[in-house]
Amino acid sequence: MGLIVQKFGGTSVANTERLQNVARIITETYRQGNQVVAVLSAQGDTTDDLIEKAREVNPRASKREMDMLLSTGEQISCALCAMAIEALGFPVVSLTGWQAGFQTNSNYSSAKIKTVHTERIQAELDRNHSIVIVTGFQGLNKYDDITTLGRGGSDTSAVALAAALKADLCQIYTDVEGVYTADPRHVKGARKLEEITFDEMLELASQGAQVLHNRSVELAKKYRVNLEVLSSFANKPGTKVKEVVKRMEKTQISGVAKDKNVARLALVGVEDKPGIAYRVFSLLGKEDINVDIILQSIGRDDTKDISFTVKRDDAEKAADLLNEYKESIGFDHIDVDKEVVKVSIVGAGMVDDAGVAAKMFGALYDADVNIQMISTSEIKVSVLLDENDANAAVQAIHDKFFGE
Ligand code: ADP
Ligand code: ASP
Ligand code: MG
C-alpha cells in the first residue's frame, strides 16, 4: 500500500477500448489499497494532428498559441479516462496541468517545470479518497499562460509529480514491455532489460530512445524516484530504472540508440587563426542552438574546415546566423546536410574496456557503412552516418554486441 503515480502514453489511451483497459489498471491499483495519481498523454496521434491543423492555418504560428492548442489533447484523454473510471464506480477527478499545480518557466513548446504545488492533488487523495487523473505535458508560467514541456514530455510530468508527492513508485506504462537493448520495433533480437541505471537510461534517451523523455530520467535520478517502465497491454514485469543495478550477464553495453533529429553543418575554408571556434560557437550558444559533435580538420593553405551537428530543426537558423557573420568570422561557405543520423552505443562499463569502440567500428566496417564523425564519452560512443545506412548500422552493431 502506498502512493503510486502511473503514466499512460498515447498508444495506451488511443481509443475507447484502450481507455477502458487503462481505467481497469488504475482502479485495480486503487482497489489494492493504494492512492493513485495517473498522468495521461493525448490519444494516439492527436498531438501530431493538432500540429498539422495549426500548419494549415498558419505555418508560423507563435509558440504560445501552439501550446494553447497542443495542451487540449491531454485534456480530452483525461476527461474520457475519468468518465471510464466513474463508470466502474470509483471516485475520480481529472485535473489540467495548472489545476494540478505545475509551474513552469516561459519557454513555450519546451518549458521546464519549476515546481509542482501539490495541495489540490493531496486534498483529492486524502480528503476525497479520489483517484486523480492529471494531464501530462503541460503547465502554467508566471503570466498564467499554458506551456508545454516538449514532445514526449508526459513522462517528465509523471516523474516530477512522483517526486513532489514523494510517491512510493512511478510506473511508466507504454506500448512495449520495457526498456530494450535497442528499439524492439525496428531491431531484430532486441532484448528486454530487467534493470538499467539512471545514467545509462539518460544517455539512451538523450541519444534517441524515445521510450523515456530524457528530462524525466534526469528528474528521477535527482529525486531518487522509484521508476519502472512497463506495458499497458501485457501484465508482465517491465524494466526498473535505478541508481545501481546488478548485471545478470556480462554485456559490454546496455543498448544501441538512433537519433534522426540531427543535421551536419560544415564551415568550409575557415581562416586558420585563433578565436574562430570561440566566435562560431558563442554565436550559436547565444541563440540557444545546441551543438553536439564537433570536428575540425587539419589546416591546409592557411584554411581549415569546422564541421558540427545541431538538431535538424535548428539547421537553417544556424546556417543563416553564421552566414550573417561570414565576413567577420572569415570562411568560404557553409554546407548543410540533413540526411544524416546519429547512432550511439551506451554502457557504463565501457570506460574500462578499450575494445568497445573498436568493436562498434568493426561492425560498421563489416556492414560497409562509412562513418562521417565520431564522438565519445565515458558512457557512450556516437557516430554520424548517412541516413540510408542507419537501420543496417544499428542492426549490425546490435548483432555484434548482443548476437548469439
Ligand atoms: P508513449 O506514447 O507510451 O510515451 P513512445 O512512443 O514515446 O510511447 O515510446 C515507446 C516507443 O519507444 C516504443 O514503441 C519503441 O518503438 C520506442 N523505443 C525506442 N528505443 C527503445 C528502447 N531501447 N526500448 C524500448 N522502446 C524503445
Ligand atoms: N502528447 C505529447 C506528445 O505527443 C506528450 C506526450 O505524449 O508525452 O509529444
Ligand atoms: Mg513517450
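Just above sits the structure.
Keep in mind that what you see is a predicted model, and the values were worked out from it rather than measured.

A. How the structure looks around the packing of aromatic side chains. On inspection of all chains with the given rule, the structure shows three aromatic pairs. Their ring planes at 90° and their centres at 5.9 Å tell us that tyrosine 30 and phenylalanine 90 sit as a pair that is edge-to-face. Of the two residues, tyrosine 30 sits in helix 1 (residues 16-31) while phenylalanine 90 sits in the loop between helix 3 (63-87) and strand 3 (92-95), which places them 60 residues apart along the sequence. When the ring of phenylalanine 281 is compared with that of phenylalanine 308, the centres are 5.3 Å apart and the planes differ by 80°; the resulting orientation is edge-to-face. Taken as a pair, phenylalanine 281 in helix 8 (residues 276-286) and phenylalanine 308 in strand 16 (residues 303-310) lie far apart in primary sequence, 27 residues in all.

B. The arrangement of the site of ligand 2 in detail. Neighbouring ligand 2 are the residues Ser41, Ala42, Thr47, Glu74, Phe137, Arg151, Gly152, Gly153 and Ser154. At 3.4 Å from an oxygen atom of ligand 2 is found a main-chain nitrogen or oxygen belonging to glycine 153. In this structure, serine 154 approaches ligand 2 through a main-chain N or O atom, which is 3.0 Å from an oxygen atom. The fraction of the free accessible surface of ligand 2 (260 Å²) that becomes covered by protein chains is 87%.

C. Spatial organisation of helix 3. Under the 1.5 Å per step criterion, the end-to-end length of helix 3 is 37 Å for 25 residues, consistent within 8% with the ideal 36 Å. Every buried residue belonging to helix 3 is among Met66, Asp67, Leu70, Ser71, Gly73, Glu74, Ser77, Cys78, Cys81, Ala82, Ala84 and Ile85, and all of these are buried.

D. The arrangement of the pairing of strand 6 (residues 131-135) in detail. Across the five residues that make up strand 6, a large majority, five, are buried. Relative to strand 6, strand 2 (residues 35-40) is paired through four bridges, and the arrangement is parallel. Paired with leucine 40 across the bridge in strand 6 is threonine 135. Sheet topology note: the strand 3/strand 6 ladder contains four bridges and is parallel. If you follow valine 92 over to strand 6, its bridge partner there is isoleucine 131.

E. View of the site of ligand 1. Around ligand 1 sit 16 residues in total, of which Thr174, Asp175, Tyr180, Asp183 and Arg185 are the nearest. At 2.8 Å from an oxygen atom of ligand 1 is found a side-chain nitrogen or oxygen belonging to aspartate 175. Backbone polar atom of tyrosine 180 to a nitrogen atom of ligand 1: 2.9 Å apart, as the coordinates give it. The protein chains hide 88% of the 570 Å² of surface that ligand 1 would expose on its own. In terms of residue class, the shell around ligand 1 is made up of seven nonpolar, five polar and four charged.

F. Spatial organisation of the pattern of salt bridges. Under the definition given, this model contains 24 salt bridges. Close ionic contact of aspartate 175 with arginine 185 constitutes a salt bridge, the shortest N to O distance being 3.3 Å. Taken as a pair, aspartate 175 in the loop between strand 9 (169-174) and strand 10 (195-197) and arginine 185 in the loop between strand 9 and strand 10 lie far apart in primary sequence, ten residues in all. Salt-bridge contacts for glutamate 177 lead to lysine 236; the nearest nitrogen and oxygen are separated by 3.4 Å. Taken as a pair, glutamate 177 in the loop between strand 9 and strand 10 and lysine 236 in the loop between strand 11 (227-231) and strand 12 (239-242) lie far apart in primary sequence, 59 residues in all.

G. Spotlight on a nonpolar patch on the surface. A cluster of nonpolar side chains, namely Ile76, Leu80 and Met83, defines an oily patch on the protein surface of about 260 Å² accessible area. For leucine 80, a relative accessible area of 34% gives the class partly exposed.

H. Representation of unusual backbone geometry. Unlike most non-glycine residues, arginine 224 shows phi in positive territory, near 55°. Inspection of the secondary structure puts arginine 224 in the loop between helix 7 (214-222) and strand 11. The backbone of aspartate 368 sits at a positive phi, close to 60°, despite the residue not being glycine.

I. Structural context of helix 7. Buried within helix 7 are the following residues: Ser216, Val217, Leu219 and Ala220. Along the axis of helix 7, the buried residues cluster in a sector spanning 165°; they form a single face. Buried residues along helix 7 sit in contact with helix 5 (154-164), helix 6 (198-206) and strand 11.

J. Spotlight on the sheet that holds strand 17 (residues 333-337). Reading across from one edge, 15-16-14-17 is the order of the four strands in this open sheet, with antiparallel pairing throughout. Looking along the sheet, the strands with just one partner apiece sit at the ends: strand 15 (294-296) and strand 17. Across this sheet, the average inter-strand angle for adjacent strands is 15°, counted without regard to direction. As judged from the three bridges shared by strand 15 and strand 16, these two strands associate in the antiparallel manner. Looking at strand 16, one finds that isoleucine 294 is bridged to phenylalanine 308. Contacts from helix 8 reach strand 14 (263-271), strand 15 and strand 16 within the one sheet, and its direction differs from that of strand 16 by about 25°.

K. Inspection of the nonpolar core at higher detail. Counting residues in each nonpolar core, the largest one holds 45 residues, and the members touching the most others are Val5, Val37, Ile121, Val134, Leu161, Cys170 and Met201. Looking at this core, the element that brings in the most residues is helix 5, giving six residues. Those residues in contact with valine 5, other than ones at most four positions away along the chain, are Val37, Val39, Ala158, Leu161, Ala162, Leu165, Ala167, Leu169, Cys170 and Gln171. Of all hydrophobic cores here, the second largest spans 26 residues; its members include Val176, Leu364, Val383 and Val394.

Conventions used here
Residues numbered from 1 in each chain as written. Chains lettered and ligands numbered in written order. Predicted model: local features only at pLDDT ≥ 70, side-chain atom pairs only at ≥ 80, totals over all residues. Heavy atoms only, no water. Phe/Tyr/Trp six-rings, centres within 6.5 Å; stacked < 30°, edge-to-face > 60°. Helix = DSSP H or I, 4+ residues; strand = E, 2+ residues; numbered from the N terminus. Near = heavy atom within 4 Å. Polar contact = N/O pair within 3.5 Å; in protein donor to acceptor, adjacent residues only side chain to side chain. Areas by Shrake-Rupley, 256 points an atom, 1.4 Å probe, with all protein chains shown as cover. Expected span 1.5 Å × (residues − 1). Buried < 20%, exposed > 50% of the residue type's maximum accessible area, 1.4 Å probe, protein only. Pairing = 2+ DSSP bridges. Nonpolar A, V, L, I, M, F, W, Y, C, P; charged D, E, K, R; others polar. Salt bridge = Lys/Arg side-chain N within 4 Å of Asp/Glu carboxyl O. Patch = residues over 30% accessible without salt bridge, like charges linked within 9 Å, V, L, I, M, F, W, Y side chains within 5 Å. Arc of directions from axis to C-beta. Contact = heavy atoms within 4.5 Å. Axes fitted to C-alpha atoms, helices over the stretch in contact; angles between N-to-C directions. Core = buried A, V, L, I, M, F, W, Y, C linked by side-chain atoms within 4.5 Å.

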